[in-house]
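Coordinate inspection notes
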Amino acid sequence: MSEPSNMALTTGDRKSTPWQCTSGTGLVVIALALMALATTRAEITGAIWMWATLGMLITGSVLYAYGTFVVKQVGEPNNGTWFAPLTSRGTWAWVFGAMLTLFYVLLYWYPEMLGLGEQTNTGLVALFDPLAMLFHGSGAKASQWFMYGTLYTVLILTLGIRFIFKYRRNRYQVIRTIVLMAAQTCLAYLVPEILEGLQDGKAYFAKDIKYFWPLNYYFFEDWHLDAMRQGGTLGMVCLVWGIIGFALLTPVLTYFLGKRWYCSWICGCGGLAETAGDSFRHLSSKSIRAWKLERWLIHGVLVYIVVVTAVVLYGYFSGSGSIAGVDIYTWFRRPYGFLIGSMFSGVIGVGFYPLLGSRVWCRFGCPMAAYMGLFQRRLSKYRITVNSGQCISCGQCSTYCEQGIDVRWYAMRGQDVVRASCVGCGICSTVCPRGVLKLENGPMETLQREART
């Protein structure tokens, strides 16, 4: 007599947990415990502890992802998303969000509590001293930003591998994720750190060649301009490249490719959202109210940074620290750095992943996204074409759009998706079971004709 089949709609997969998941979880827990102990100033310092912690964190994460998405093969990659407490705004989501928020508060305003010292480091920051010496020579010590940059890169690398396992059947997602991982590792981390080590004590200036104004809000501030001017050939290259980047490169590439060339392929914020934030992408609100708030906020931040930059440049070229009797640092630079550069992009932008979705900063606050969105909405060749005859209105595209776009609304009407906020991640097309959506570049008339045929 055969066993009765399971007809329940909400039960999960009954396969046993692969050993890769169990082992991976154990390694990640040990690594996080070591980092927590280091934060409490326990004697966990030195190269052996650092490499052991990072090694267990990376190996454990990759093992868990392999067991979950390759060995277990539970069917659709997003199975259980709306039932797990961590990814459905349950108790674990609030706990995780609170821990992330606390970490960013300490990072920005209380780095000494993470172990940053004037002479010597202790705690979590000291754990990364050996790596700082590798880049900057013996005697160097890590800053809280070096520690953060290292962890940031490790997260994008390990969770990028998870993303590739999950969407391995989609070539666009695999290639895009590899480029994202390479851009973060090489352009945002290794190259800037190596160049900084070669600067021989010269003043700091940003060396990430993809970190353009207005995302890099301090690019035109007096200390940064002076550091680039006094930074020799490298400084002048960064100054000229930075101006070309926002004034010429960004509009041209956005015209041909849409803002996806930046937001979904090379941006560090986008890289973290696509990899670490993938499990939370469905939490982005699709309501009309959220869309209206998005338009006001993101364009408001763009106007804000334009005004601040204009005032800062006035102060730099006039040699004055005030404008119309108003102190530039107190009323322009410092408020923007606190409200937008720290609170919005860091504390809210990442700390609220488990509650508001993975693109809170990109959708509501990033001035670079707003700048590119102006071109994408009116001038770009990029759009998502729709074959409405195949649409079954399942809503998967809308559910997993991290930018809160109701893609199904467009698909059911046979209307191409041309939205300023679309970052071109392509997940809507990837999860579509009928091949309705296609990311394309080209003249609108040609794309519409091809879509009809």
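Worth saying up front: this structure is predicted, and the values here are computed from it rather than measured. (Residues numbered from 1 in each chain as written. Predicted model: local features only at pLDDT ≥ 70, side-chain atom pairs only at ≥ 80, totals over all residues. Heavy atoms only, no water.)

**Overview of the overall build of the protein**
Helix and strand content of the protein: 20 helices and four strands. Taking 2.2 N^0.38 as the reference for a compact globule, 453 residues should give roughly 22 Å; the C-alpha atoms of the protein span a radius of gyration of 23 Å, in line with that estimate. In terms of overall dimensions, the protein has a C-alpha envelope of 80 × 60 × 35 Å along the principal axes. Nonlocal contacts in the protein, meaning residues at least 24 apart in sequence, comprise 72% of its contacts between residues at least 6 apart. Accessible surface computed for the protein: about 22,100 Å², of which carbon and sulfur atoms make up 65%. (Helix = DSSP H or I, 4+ residues; strand = E, 2+ residues; numbered from the N terminus. Rg over C-alpha atoms; globule rule 2.2 N^0.38 Å. Contact = heavy atoms within 4.5 Å. Areas by Shrake-Rupley, 256 points an atom, 1.4 Å probe, with all protein chains shown as cover.)

**Let's talk about the pattern of salt bridges**
This model, assessed by the stated rule, comprises 13 salt bridges. In this structure, arginine 281 engages glutamate 402 in a salt bridge whose closest nitrogen and oxygen atoms are separated by 3.5 Å. Linking arginine 281 in the loop between helix H11 (268-275) and helix H12 (288-318) with glutamate 402 in the loop between helix H17 (396-399) and helix H18 (407-413), this pair joins segments that are 121 residues apart in sequence. Comparing arginine 281 with glutamate 402, the two get one shared label, buried. The salt bridge involving arginine 363 is made with glutamate 294; its shortest N-O contact spans 2.7 Å. Residue arginine 363 is found in helix H15 (residues 360-364), and its partner glutamate 294 is found in helix H12; the two are separated by 69 residues along the sequence. A relative accessible area of 6% places glutamate 294 in the buried class. (Salt bridge = Lys/Arg side-chain N within 4 Å of Asp/Glu carboxyl O. Buried < 20%, exposed > 50% of the residue type's maximum accessible area, 1.4 Å probe, protein only.)

**Quick notes on the environment of histidine 299**
Mapping histidine 299 onto the fold places it in helix H12. The class for histidine 299 is partly exposed, based on a relative accessible area of 31%. Each C-alpha atom, one on histidine 299 and one on cysteine 366, is 8.9 Å from the other, the two residues being 67 residues apart in sequence. Excluding residues that lie within four positions of it along the chain, histidine 299 makes contacts with Ala370 and Leu374. Within the structure, histidine 299 has its side chain in polar contact with the backbone oxygen of arginine 295 (distance 2.8 Å). (Polar contact = N/O pair within 3.5 Å; in protein donor to acceptor, adjacent residues only side chain to side chain.)

**With respect to helix H2 (residues 47-71)**
End to end, H2 covers 34 Å across 25 residues, agreeing with the expected 36 Å (1.5 Å per residue, within 8%). Restricting attention to buried positions, one finds in H2 the residues Met50, Thr53, Leu54, Met56, Leu57, Gly60, Ser61, Ala65, Gly67, Thr68, Phe69 and Val70. Close packing links the buried residues of H2 with helix H1 (19-39), helix H5 (129-136) and helix H6 (144-166). (Expected span 1.5 Å × (residues − 1).)

**Points about the packing of H12 against helix H13 (residues 328-351)**
Following both chains from N to C, one finds H12 and H13 inclined at 145 degrees, their axes separated by 10 Å at the closest point. Both H12 and H13 take part in a crossing whose hand is left-handed. Judged by residue contacts, Val301, Tyr304, Ile305, Val307, Val308, Val311, Val312 and Gly315 of H12 engage Ile328, Phe332, Arg333, Pro335, Tyr336 and Ile340 from H13. When its residues are assigned to classes, the contact of H12 with H13 shows twelve nonpolar, one polar and one charged. (Axes fitted to C-alpha atoms, helices over the stretch in contact; angles between N-to-C directions. Left-handed = near helix turned anticlockwise from the far one by under 90°. Nonpolar A, V, L, I, M, F, W, Y, C, P; charged D, E, K, R; others polar.)

That is the geometry; function is a separate question.
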